[in-house]
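Secondary and tertiary structure notes
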Amino acid sequence: MIVASTDPSTDPLVSYVLATYNRPDDLREAIESILDQTYDPIEVIVVSNSTDETSTMFEDGGRFDEPTVHYHEFPGRMGVPQARNIGYDLASGDILVTIDDDAVLTSTDATETVVRLFDSNPEIGVLAFQCRDYRTDEVNPHETPDPPRFDMTPTVPYHATNFVGVGNAIRSAVIDRVGDFPEDFVYGFEEMDLSFRVHESGYDILFTPEVAVWHKKSPEARRTDLETQERLVGNRIKLALRNLPMRYVVVSTILWSVYGLLLTRRPSSLLNIYRRLYDERETTLEARRVVSPRTIRRIKSRKTMLFFWWYGPHPGRLFGRDGTPQRVFWETSN
């Protein structure tokens, strides 16, 4: 059990892991929000593929030339899942906190809250943070796991089906037990795959508005919109293939293929999606681990739409009293 005491020397080490690529100004503000935390001890692990001046902040005499900050630069471009996995391997903490390099912690006591929540909820393996718009401070529903009841809002805690990569905390023991992110999910939904394994292991996921990040959604270093859309749709199909019984895989493939065609409006994009899935088929099938009926029941009980895809949106979220069909297009804003 993780226990926070009044003696910093006995408190659990919290490791912040940030993956970055050519966003020095955003990264600087993200790290500063971490170093402003009142909790001790912490460490900051930065995994970078940057080709600009980012590294100068970590050199001798640089802005982050201090023992708690560890900068690791790798040549070439890697996806976010691989970069975060490397960060987890390099981290020494009992708790692994991830925020995007263009996100900022909204309070200086966020780390203390994370430690307290893990200590008081031993069944929780992952904390999903609240995400707010950096400029308006409004809660961003597109980066928030859906609540289990339609009348709930992301301003109260609830048990969730998933977490979002922009801000979360994971027990290192959970990663040791269930594994880390699938590295072939180059862009999008690697957190959902890990969420499946968290539920399957017996741990749960808690959405907590007590810990929040401001997210800028900086456009720098992003892939093209078309490639992003193709990978998002492909990863949704792959997610079902890796984790769900075949009846869900068949329905998910059909429906997300139609969705991908409507989203991109290019038959060639659908062919690109299928080509990637075919090229990765051996790796995907080797990783296939069908979740138990217990896990499926838990996910269904939280009002997801499993036959379409395990992470909603449930029809009630689209067409109910307060529903909005625009929710089905939330991933285009990632």
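Attention in this report is confined to the structure presented alongside it. Note that the coordinates shown come from a computational prediction; the quantities given were computed from them, not determined experimentally.

Taken together, the side chains of Glu59, Asp60, Asp65 and Glu66 present a region of like negative charge at the surface. Position of Glu59 relative to the elements: it lies in the loop between β2 (42–48) and β3 (69–73). Take Glu59: its relative accessible area is 43%, and that puts it in the partly exposed class.

Because the α-helix completes a turn every 3.6 residues, residues three or four places apart line up on one side. Along its 19 residues, helix α7 (residues 246–264) runs 26 Å from first to last C-alpha, staying within 8% of the 27 Å computed at 1.5 Å per residue. Those residues of α7 that sit buried are Tyr248, Val249, Ser252, Trp256, Ser257, Tyr259, Gly260, Leu263 and Thr264. Residues of α7 that are buried in the fold lie against α6 (225–243), α8 (267–279) and α10 (293–301). Directly beyond the C-terminal end of α7, a positive phi value near 60 degrees is found at Arg265.

Glancing now at the nonpolar core. Among the nonpolar cores identified, the biggest contains 36 residues, and Leu18, Phe58 and Leu127 are the most heavily contacted of them. Counting residues per element, this core draws most heavily on helix α3 (residues 110–120), at five residues. Leave out the neighbours within four places in its chain, and Phe58 touches Leu27, Ile31, Val46, Phe64, Val69 and Tyr71. One finds Ala91, Ala128, Met152 and Ile170 within the second-largest nonpolar core, a separate group that totals 26 residues.

Once that is clear, we can look at helix α5 (residues 190–201). The end-to-end C-alpha distance of α5, which contains twelve residues, comes to 17 Å, matching closely the 16 Å that a straight helix rising 1.5 Å per residue would cover. Within α5, eleven of the twelve residues are buried, leaving the element largely enclosed by the surrounding structure. Looking at the residues trailing α5, positive phi occurs at Gly202, about 105 degrees.

What counts and what doesn't
- Along each chain, residue indices are assigned from 1 in the same order as the chain's sequence is written.
- Side-chain atom pairs in this predicted model are given and counted only at pLDDT of 80 or more, local residue features only at pLDDT of at least 70, and totals for whole chains, interfaces and linings cover all residues.
- Heavy atoms throughout the structure, all of them, feed into the side-chain values; hydrogens and water do not.
- A patch is a set of surface residues, each over 30% in relative accessible area and not in a salt bridge, joined within 9 Å for like charges and within 5 Å for the nonpolar side chains Val, Leu, Ile, Met, Phe, Trp and Tyr.
- In short, Shrake-Rupley with a 1.4 Å probe defines the accessible areas, and a residue's cover is counted only from the protein chains shown.
- The term salt bridge refers to a side-chain nitrogen of Lys or Arg lying within 4 Å of a carboxyl oxygen of Asp or Glu.
- Charged-residue counts in this description rest on Lys and Arg as positive and Asp and Glu as negative, His and the chain ends being excluded.
- Each charge is placed at NZ for Lys, CZ for Arg, CG for Asp and CD for Glu.
- Helix and strand definitions here come from DSSP, where helices need a minimum of 4 consecutive H or I residues and strands a minimum of 2 consecutive E residues; each element is numbered from the N-terminal end.
- A 1.4 Å probe rolled over the protein chains alone gives each residue an accessible area, and that area as a share of the maximum for its type sets the label: buried under 20%, exposed over 50%, partly exposed in between.
- Expected span, for any helix, means 1.5 Å times one less than how many residues it has.
- Note on definitions: a residue-residue contact is assigned when non-hydrogen atoms from the two residues lie within 4.5 Å.
- Throughout, nonpolar core names a set of buried Ala, Val, Leu, Ile, Met, Phe, Trp, Tyr and Cys residues whose side chains join them through atoms within 4.5 Å.

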